[in-house]
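Analysis of the macromolecular model
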Amino acid sequence: MLELKNVILHTAGGDAQEALSFLVRGGDICVVGGAQGSGKTTLVRSVMGFCPVASGYISIDGELVDWRSARTFRRQTLYIPAHVVATAKDEPNPFDDLKVMQLLEDLLAMGVNQLRMDKERLLQAWALLGLDAQIGDRRCAALSAGEMRRALLSIGSQIHRTLVVADELTAGLTLEEEQNTFKFVRALAESGSAVLLTCRPDDLLLNQPENEHYIIRNLGGFAPVGVAHRADGEAAHPDD
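A few points on the structure.

This part takes up the overall build of the protein. A count of helices and strands for the protein gives six helices and nine strands. Buried positions account for 48% of the 240 residues belonging to the protein. Of the contacts formed within the protein by residues at least 6 apart in sequence, a portion of 71% connects residues at least 24 apart.

Here it is in structure tokens:
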């Protein structure tokens, strides 16, 4: 269970003025929408314990998230950042020669997981997420940000995590890809995970009906603009 109570974020434009409070239990999906610079990535990084909040608190299963507890919570979390690798122009990209399948197998073999890949289930996940079956042979550096996020999300077909946190998961996807990605995320929630997603104002995720298990919160005071104007196959917004 993830709880934010009166959380104010440190953002690039100064501390966010509106406090965030919500509760995400196992089986719930919470979507936080906002324009660029509204604090979506800061929110995700705060939940992961990478940066402190300006005020309020974040807790997981009743325990505060801080620099002491964050490492333990990360082991319980499937985390998909908006951009997996960000390096300076003169720095080598560590993913230049790493293939997707190698990355996923390495993640599963880490001490916290120690699992072998079920390739049949992985291929089924890729098909649902709109990823080609040959993506495992591609270099990570050759993937778009949207492909990389979905490839990391597919790890959810192999392991169960009590918390799933994804930053701008559906950015740059076509309407069909967004719909299929949402189906995959919904299956993770139905398996008992608490899911926190961020997205941009015109995202399909903001246009789902709210109920006791689907929560929508907005950063920056905007209203969702809807997706009816988008033709199937048209990306809502390009990746940064």
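Here we come to the environment of Leu20. By the secondary structure assignment, Leu20 is in strand E2 (residues 20-24). Spatially, the C-alpha atom of Leu20 lies 8.3 Å from that of Arg217, the residues being 197 residues apart in sequence. Each residue touching Leu20, except ones within four places of it in the same chain, is listed here: Leu4, Lys5, Asn6, Val7, Leu43, Arg217 and Leu219.

All buried positions along helix H4 (residues 119-128) are accounted for by Leu122, Ala125 and Trp126. Considered in projection along H4, the buried side chains sweep an arc of 100° and stay on one side of the axis. With respect to the buried face of H4, the exposed residues turned more than 90 degrees away are Glu120 and Ala127. Among the residues of H4, the N-terminal cap falls to Asp118, whose side-chain oxygen and the backbone nitrogen of Glu120 are separated by 3.3 Å. Directly beyond the C-terminal end of H4, a positive phi value near 75° is found at Gly130.

A word on the pattern of salt bridges. Following the criterion strictly, the structure yields six salt bridges and no others. Salt-bridge contacts for Glu147 lead to Arg138; the nearest nitrogen and oxygen are separated by 3.3 Å. On the basis of relative accessibility, which here comes to 33%, the residue Arg138 falls in the partly exposed class. We note a salt bridge from Arg150 to Glu177, for which the minimum N-O separation is 3.8 Å. Here Arg150 is found in helix H5 (residues 145-153), whereas its partner Glu177 is found in helix H6 (residues 175-190), with 27 residues between them in sequence. Exposure remark for Glu177: the relative accessible area of 22% places this residue in the partly exposed category. Taken together, the salt bridges that share partners define one network made up of Lys40, Glu168 and Arg200.

As a further point, take the side chain of Lys40. By secondary structure assignment, the location of Lys40 is in helix H1 (residues 40-47). Judged by relative accessible area, which is 4%, Lys40 ranks as buried. A polar contact of 3.0 Å, which involves the side chain of Lys40, links it to the backbone oxygen of Ala35. In this view, Lys40 contacts Val32, Gly33, Gly34, Ala35, Asp167, Glu168, Thr198, Cys199 and Leu219; residues no more than four positions away in its chain are not counted.

Here the focus is the nonpolar core. For soluble globular proteins, nonpolar side chains are generally found buried alongside one another. Ranked by internal contacts, the top residues of the largest apolar core, which has 40 residues, are Ile29, Val31, Leu104, Leu153 and Leu197. The contact partners of Ile29, leaving out residues within four places of it in the chain, are Phe182, Val185, Arg186, Ala189, Val195, Leu197, His213, Tyr214 and Ile215. One finds Leu4, Leu20, Ala70 and Ile215 within the second-largest nonpolar core, a separate group that totals 24 residues.

With that settled, consider the pairing of strand E8 (residues 194-199). With six of its six residues buried, E8 lies for the most part within the structure. Inspection of the sheet shows strand E3 (residues 29-34) paired to E8 by five bridges, in the parallel sense. Of the residues in E8, the one forming a bridge with Ile29 is Val195. Where strand E7 (residues 163-166) meets E8, four bridges bridge the pair, whose relative direction is parallel. Across the sheet, residue Ala166 finds its bridge partner in E8, namely Leu197. Remark: the E7/H6/E8 crossover connection has right-handed handedness.

Rules behind the numbers
- Residues numbered from 1 in each chain as written.
- Predicted model: local features only at pLDDT ≥ 70, side-chain atom pairs only at ≥ 80, totals over all residues.
- Heavy atoms only, no water.
- Helix = DSSP H or I, 4+ residues; strand = E, 2+ residues; numbered from the N terminus.
- Buried < 20%, exposed > 50% of the residue type's maximum accessible area, 1.4 Å probe, protein only.
- Contact = heavy atoms within 4.5 Å.
- Arc of directions from axis to C-beta.
- Polar contact = N/O pair within 3.5 Å; in protein donor to acceptor, adjacent residues only side chain to side chain.
- Salt bridge = Lys/Arg side-chain N within 4 Å of Asp/Glu carboxyl O.
- Core = buried A, V, L, I, M, F, W, Y, C linked by side-chain atoms within 4.5 Å.
- Pairing = 2+ DSSP bridges.
- Right-handed = clockwise from strand over helix to strand, strands pointing away.

The values reported here are purely geometric and, on their own, carry no functional implication.
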